[in-house]
Amino acid sequence: SQPYELILVRSEGRVGLITLNRPKQLNALNDALMDELGAALKAFDADAGIGCIVLTGSEKAFAAGADIGAMASYSFADVYKGDYITRNWETMRSIRKPIIAAVSGFALGGGCELAMMCDFIIAADNAKFGQPEIKLGIIPGAGGTQRLPRAVGKSKAMDLVLTGRMMDASEAERAGLVSRVVPLDKLQDEALAAALTIAGYSQIAVMAAKEAVNKAFEGSLADGMAFERRLFHALFATADQKEGMAAFVEKRPAQFRHQ
Ligand code: CO8
């Protein structure tokens, strides 16, 4: 039996799969859903049998944003104190294993931000991305004004954030927001295959790679380069590095033991 009501959780091999499951509300993100998502992510992160996580929604919507009905009556004091909306969005940042967003349909507002908080986005050809908060008299609140410019550049980010228009999958791919676009009926298979590939590598190297790439977004180039160099050197202390390089030299598949 599932411990969750608003998400579905299962695993396949070393991959943990989380499906947002409020279909009637187009997966609008309320506090209860974000609590469940955080708990499921933490559980997979702590599970030695899991090497990579896939986060997905329905065909029609990855997530159409924060739950507008729930937010409508909040005051400044409610949201500033952090009892609502903001309290459970930071969990995602603490997850050290890679998270792939498999996006079909709408990824709007908080839904687009949630996808951008993942490590990369694979989009179905029906995906639509946008930050329509401006239409509601607010601005993005979970990193949209920060991650979107880093992903697509200032001009397109300003266009999207200020007009509230949506961008389709091919525009998102051209702009660099998504890593690949695949036919809708191939999305789940493609995301799972990518996740299984990642989960087959050394868990230590994978976590170090994620940490180092994230540094590129969070600090200066010089700090990022120094950080990358330290981690790069440190990986020579792992058994998986010895195995990975020996396997290449010996022309055989590597058997990583994640140590
Ligand atoms: N919140 C609540 N309910 C929603 C939301 C939402 N964001 N989006 C859709 N729904 C509901 C609709 O109300 C509707 O419910 P019902 O059937 O009971 O009337 C159902 O889902 C289906 O929606 P539609 O009938 O509207 O479906 P359409 O196919 O006609 O349209 C759209 C789909 C274009 C996606 C449309 O639903 C829409 O524009 N939705 C709102 C999108 C939006 O504005 N998102 C941004 C919300 S604000 C936000 O995300 C701020 C994030 C801040 C995060 C802060 C964290 C720290």
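You'll find the structure just up there.
This is a predicted model, so every value here is computed, not measured.

About the cut-offs
In this numbering scheme, every chain counts its residues from 1 along its sequence in written order. Totals for whole chains, interfaces and linings use every residue, but because this is a predicted model, local features are given only for residues with pLDDT of at least 70 and side-chain atom pairs only at 80 or more, for both listing and counting. For the side-chain quantities, the full set of heavy atoms in the structure was used; hydrogens and water were omitted. Relative accessibility under 20% of the residue-type maximum defines a buried residue, over 50% an exposed one, and the middle range a partly exposed one, all with a 1.4 Å probe and only protein chains included. The secondary structure listing takes helices from DSSP runs of H or I that are at least 4 residues long and strands from runs of E that are at least 2 residues long, numbered from the N terminus. Note on pairing: DSSP must find at least two bridges between two strands before they are called paired. Fitting a line to C-alpha atoms yields each axis, with helices limited to the stretch in contact; the angle taken between N-to-C directions then spans 0 to 180 degrees. Contacts were defined at the residue level, with two residues in contact if any of their heavy atoms lie within 4.5 Å. For each structure, a 1 Å grid was placed over the protein atoms alone; sets of points admitting a 1.4 Å probe that cannot get out are labelled cavities, open sets with protein on both sides within 12 Å along at least five of seven lines are labelled pockets, and lining residues have an atom within 4 Å of a point. Grid points are joined across faces, edges and corners, and a volume is the space filled by probe spheres set on the points. Basically, the charged four are Asp, Glu, Lys and Arg, the nonpolar ten are Ala, Val, Leu, Ile, Met, Phe, Trp, Tyr, Cys and Pro, and anything else, Gly included, counts as polar.

## Quick look at the pairing of strand β2 (residues 15-20)
By the criterion of burial, β2 is predominantly enclosed, with five of the six residues buried. The sheet contact formed by strand β1 (residues 7-12) and β2 spans six bridges and is antiparallel. Bridged to Arg10 within β2 is Leu17. A loop of two residues connects β1 with β2, the two strands running antiparallel in sequence, and Gly13 in this loop sits at a positive phi of about 60 degrees. Inspection of the sheet shows β2 paired to strand β3 (residues 52-56) by five bridges, in the parallel sense.

## Brief notes about the sheet that holds β2
The six strands lie next to each other as β1-β2-β3-β5-β7-β10, forming an open sheet whose pairing is mixed. The open sheet has two edge strands, β1 and β10 (180-182), and neither has a second partner. Recorded for the sheet is a direction-independent mean angle of 20 degrees between the axes of neighbouring strands. As paired strands, strand β5 (residues 99-103) and strand β7 (residues 120-124) are joined by four bridges and run parallel to one another. Within the sheet, the bridge partner assigned to Ala102 lies in β7 and is Ile122. Docked against the sheet, helix α1 (residues 31-46) engages β1, β2, β3 and β5, running at close to 175 degrees with respect to β2.

## Examining helix α4 (residues 110-117)
What sets the pattern is the α-helix's 3.6 residues per turn: residues three or four places apart point alike. Most of α4 sits inside the fold, with eight of its eight residues counted as buried. Those residues of α4 that fall on the buried side of the exposure criterion are Gly110, Gly111, Cys112, Glu113, Leu114, Ala115, Met116 and Met117.

## Comments concerning the layout of surface pockets
Space inside the largest pocket adds up to approximately 1,100 Å³. In terms of lining residues, the largest pocket is bounded by 38 residues, among which Met116, Met117, Cys118, Asp119 and Asn214 are the most central. Listing elements by their share of the lining of the largest pocket, those giving two or more residues are α4, β7, α5 (144-152) and α9 (203-218). Residues belonging to the lining of the largest pocket are distributed by class as follows: 20 nonpolar, eight polar and ten charged. Quantified by volume, the second largest pocket comes out at close to 700 Å³. Looking at the second largest pocket, it is lined by 27 residues, and the ones nearest its centre are Ala66, Met71, Ile85, Glu133 and Ile138. Of all the secondary structure elements, the ones that give two or more residues to the lining of the second largest pocket are α2 (68-71) and α4. Here the residues of the lining of the second largest pocket are counted per class, giving 17 nonpolar, six polar and four charged.

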